[in-house]
Amino acid sequence: MSTVTGTTTTGTNTSSSILSIAPKRDLSTSTDVRRLALQHVNPNVRKAKYAVRGELAVKAEEYRVRLTEGDKSLPFDSVIFANIGNPQQLDQKPITFFRQVLSLLENPTLLEQPEVLKTAFGYQQDAVDRAQTLLQEVQSVGAYSHSQGAPAIRASVAKFIEERDGFPANPQDLFLCAGASSGVSTLLNVMCDSPNSGVLVPIPQYPLYTATLSLLDAQCVPYYLEEHKAWGTDIDAIRSSLQMAKAEGTDVRSIVVINPGNPTGASLSADDIKSVLDIAAEERLIVIADEVYQTNVFSGEFISFKKRLRQLQHEVPGKYDHVELASLHSVSKGMVGECGHRGGYFELVGFDPLVVEQIYKFVSIMLCPPVIGQCLVELMVNPPKPGQPSHDLYNKEYSGIRTGLHQRALALYEAFKRMDGVECQEPQGSMYLFPTITLPAKAIEAAHAANRAPDEFYCLRLLDATGVCVVPGSGFGQKANTLHFRTTFLAPGTAWVERIVKFHAEFMEEYK
Ligand SMILES: Cc1ncc(COP(=O)(O)O)c(C=O)c1O
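The model shown is predicted, which means the values in this text are computed figures rather than measured ones.

As for the domain arrangement of the protein
- Per the domain assignment, the segments of the protein are domain 1 (55-90 + 396-511) and domain 2 (144-381).
- For the side of domain 1 that touches domain 2, the secondary-structure elements that each account for two or more residues are helix 14 (391-418) and strand 11 (432-433).
- For the side of domain 1 that touches domain 2, the element with the most residues is helix 14, which contributes six residues.

Next comes the structure, spelled out in structure tokens:
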């Protein structure tokens, strides 16, 4: 395995990129008169890949449109978008308290009629109070805020982190951002200074990382997760990837950890986290801890990298003092599921203040993250407390979403257990299952004949037959000679799961 520029060395067919669905033209023979022809597009943009919104998703959307237009020729009556963690697209209801406050922020004149809000629309006093407090802070959600995010909102986030971890957090170390994606982009932009800069990325991974490294023309240094150990981190695999990359001259600066995992759903133990921090301390690697699924944990408890780092700094004075950690969270996932609002934050620990200044300058070029998204971050980290008027409803909605997610994860897991040639780790967290599929040789031959990777062939056939859109494992990276697909367990009901089971049995029969 060697490092490659902005992609992985998994040796898989990558035709599920957006490029593969664009009309194919030979770059050298493009006769278009426009100044910006395909060959003029930044090559780093051209080579970036992002499978979760790739060919399958585009085809699924075409099917959805055909169904809404009354097309009766398809063998299914609905499309299930199990390709992307987009909770509210799949009927997850927004939390009432959040939306009540947001509505007041967007239209403050409503605050002039508090009684009407209460009697006619069920707003509680704490929703009204919170909107007033947030408006005092941001003045208007239509105004730019501080580039790092509104100070009082950062103070709320710091309080949340302190309560979560039991260690202090400083609002000055927090940067609010337009979703975790924007935070990751900021961090990688700032830390990759040449095509030789390398970042260790888990495989399988959420393709934001490989895509952003591609855009930056930097090196993705893949390290494989251990499927048979519930997709935990394999410390030897990290060390050997790192050594190999260093031997090839790559300047490896950082390690990304996604916990709980996407696409794997794994939730890391305190020991796994310590191992990563050990390597970071020994090899001087900046840790990027992507913790956007921190509330989607079904078994055990979520342990943040920040908490584990502070514990270790306390237990073993000296060794971990210089670890640099950036950890990210978002309003997109969990029971909040407000991904369309684009809110998130990252916390920096142990960074050089001169570097932080550069990060500040970088984010200020984009002026500020969406202010309504910042307000949602505040609501996420500071929800109604027991005894406050909105708490009961908040708690009921939150627990209902949580239980529903867990039940659907288990239903899907049970269905996979019934499917021949499918193996899946028990769901631990996040919003996804990532089963291994073992396909018959004839199916693999048919895939090659169709010029498709076998997992992609399988997923396309699944979509064509059932309307269920999942993502082939090759979109996330997978060990050579293994095949997977990723599905979310967000879609309501279980009928769609039975569609997968039926398709799978027929597919296996066809190619046996
Ligand atoms: C691991 C991981 N990180 C980051 C993101 C992006 O989150 P956001 O919507 O906050 O940009 C996602 C989205 O699916 C994700 O799965």
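Side note on the nonpolar core
- Counting 132 residues, the largest nonpolar core has Val101, Val199, Leu200, Val256, Leu277, Val287 and Cys469 as the members making the most contacts within it.
- Counting residues domain by domain, this core receives three or more from each of domain 1 (55-90 + 396-511) and domain 2 (144-381).
- Excluding its chain neighbours within four sequence positions, the residues that come into contact with Val101 are Ala127, Arg130, Ala131 and Leu379.

Looking at the UniProt feature "domain: Aminotransferase class I/classII large" (unreviewed entry) in the protein
- The feature "domain: Aminotransferase class I/classII large" (unreviewed entry), as annotated in UniProt, sits at residues 127-494 in this numbering.
- In the segment residues 127-494, helix accounts for 43% and strand for 15%; the C-alpha atoms at its two ends are 35 Å apart.

Let's talk about the site of the ligand
- Taken together, 14 residues lie around the ligand, and Gly179, Ala180, Ser181, Ser330 and Ser332 are the ones closest in.
- The element best represented in the shell around the ligand is helix 7 (residues 179-191), accounting for three residues.
- Residue composition of the shell around the ligand, by class: six nonpolar, seven polar and one charged.

Concerning helix 13 (residues 371-381)
- Counting buried residues in helix 13 gives nine out of eleven residues, a clear majority hidden from the surface.
- When helix 13 is considered as a whole, its buried residues turn out to be Val371, Gly373, Gln374, Cys375, Leu376, Val377, Glu378, Leu379 and Met380.

Examining the packing of helix 2 (residues 55-68) against helix 16 (residues 454-466)
- Taken N-terminus to C-terminus, the directions of helix 2 and helix 16 make an angle of 10°; their axes are 11 Å apart at the nearest point. What the angle tells us is that helix 2 and helix 16 run roughly parallel. Taken together, the residues of helix 16 that come into contact with helix 2 (itself represented by Leu56, Lys59 and Ala60) are Cys459, Leu460 and Leu463.
- Here the residues of the contact of helix 2 with helix 16 are counted per class, giving five nonpolar, no polar and one charged.

Regarding the pairing of strand 15 (residues 485-488)
- On strand 15, burial covers both faces: Phe485 and Thr487 on one face and Arg486 and Thr488 on the other are all buried.
- Pairing between strand 11 and strand 15: two bridges, direction antiparallel. Counted as the bridge partner of Tyr432 is Thr488 from strand 15.
- Looking at chain direction, strand 14 (residues 471-472) and strand 15 are connected through two bridges and run antiparallel. In the sheet register, Val471 faces strand 15, and the bridge partner there is Arg486.

Focus: helix 6 (residues 151-165)
- Look at helix 6: 21 Å from first C-alpha to last across 15 residues, which is about the 21 Å you get at 1.5 Å a residue.
- Along helix 6, the residues that are buried comprise Ile153, Arg154, Ser156, Val157, Ala158 and Ile161.
- Taken together, the buried residues of helix 6 touch helix 5 (125-138), strand 3 (174-177), helix 11 (305-315), strand 9 (344-349) and helix 13.

Some thoughts on the packing of helix 10 (residues 270-283) against helix 11
- Between helix 10 and helix 11, the least distance of the axes is 10 Å, while the angle of their chain directions is 70°. Considering their axes alone, helix 10 and helix 11 lie roughly perpendicular with respect to each other. On helix 11, the residues that touch Ala270, Ile273, Lys274 and Leu277 of helix 10 are Phe305, Arg308, Leu309 and Leu312.

Brief notes about the pairing of strand 9
- In terms of residue burial, strand 9 counts as a mostly covered element, since six of its six residues are buried.
- Taking every second residue as pointing to the same face, both faces of strand 9 are buried, with Gly344, Phe346 and Leu348 on one and Tyr345, Glu347 and Val349 on the other.
- When strand 3 meets strand 9, the two strands line up antiparallel, connected through four bridges. Paired with Leu176 across the two strands is Tyr345, which belongs to strand 9.
- The pairing of strand 8 (residues 325-330) with strand 9 spans six bridges and is antiparallel. Bridge pairing in strand 9 links Leu328 to Phe346.

Notes on unusual backbone geometry
- Cis peptide bonds are those with omega within 30 degrees of zero, and the linkage from Ile203 to Pro204 qualifies with 5°.
- Topologically, Pro204 is positioned in the loop between strand 4 (197-203) and helix 8 (208-215).
- Across the junction of Asn259 and Pro260, the peptide omega takes the value -10°, indicating a cis bond.
- On the secondary structure map, Pro260 appears in the loop between strand 6 (251-258) and helix 10.

Observations concerning the environment of Ala491
- With respect to the helices, strands and loops of the structure, Ala491 is situated in the loop between strand 15 and helix 17 (495-510).
- Given 22 C-beta atoms within 10 Å, Ala491 falls into the buried group.
- Residues Ala491 and Arg408 lie 83 residues apart in sequence; the distance between their C-alpha atoms is 8.2 Å.
- Sequence-distant contacts of Ala491, that is, excluding residues within four places in its chain, are made with Ile80, Ala82, Leu90 and Trp496.

How each quantity is defined
Residues numbered from 1 in each chain as written. Predicted model: local features only at pLDDT ≥ 70, side-chain atom pairs only at ≥ 80, totals over all residues. Domains from an automatic or database assignment. Helix = DSSP H or I, 4+ residues; strand = E, 2+ residues; numbered from the N terminus. Core = buried A, V, L, I, M, F, W, Y, C linked by C-beta atoms within 7 Å. Buried ≥ 20, exposed ≤ 12 C-beta atoms within 10 Å, placed from the backbone. Contact = placed C-beta atoms within 7 Å. UniProt positions renumbered as here; feature names shortened; annotations may be inferred. Near = placed C-beta within 6 Å. Nonpolar A, V, L, I, M, F, W, Y, C, P; charged D, E, K, R; others polar. Axes fitted to C-alpha atoms, helices over the stretch in contact; angles between N-to-C directions. Parallel < 35°, antiparallel > 145°, perpendicular 65-115°, else oblique. Pairing = 2+ DSSP bridges. Expected span 1.5 Å × (residues − 1).

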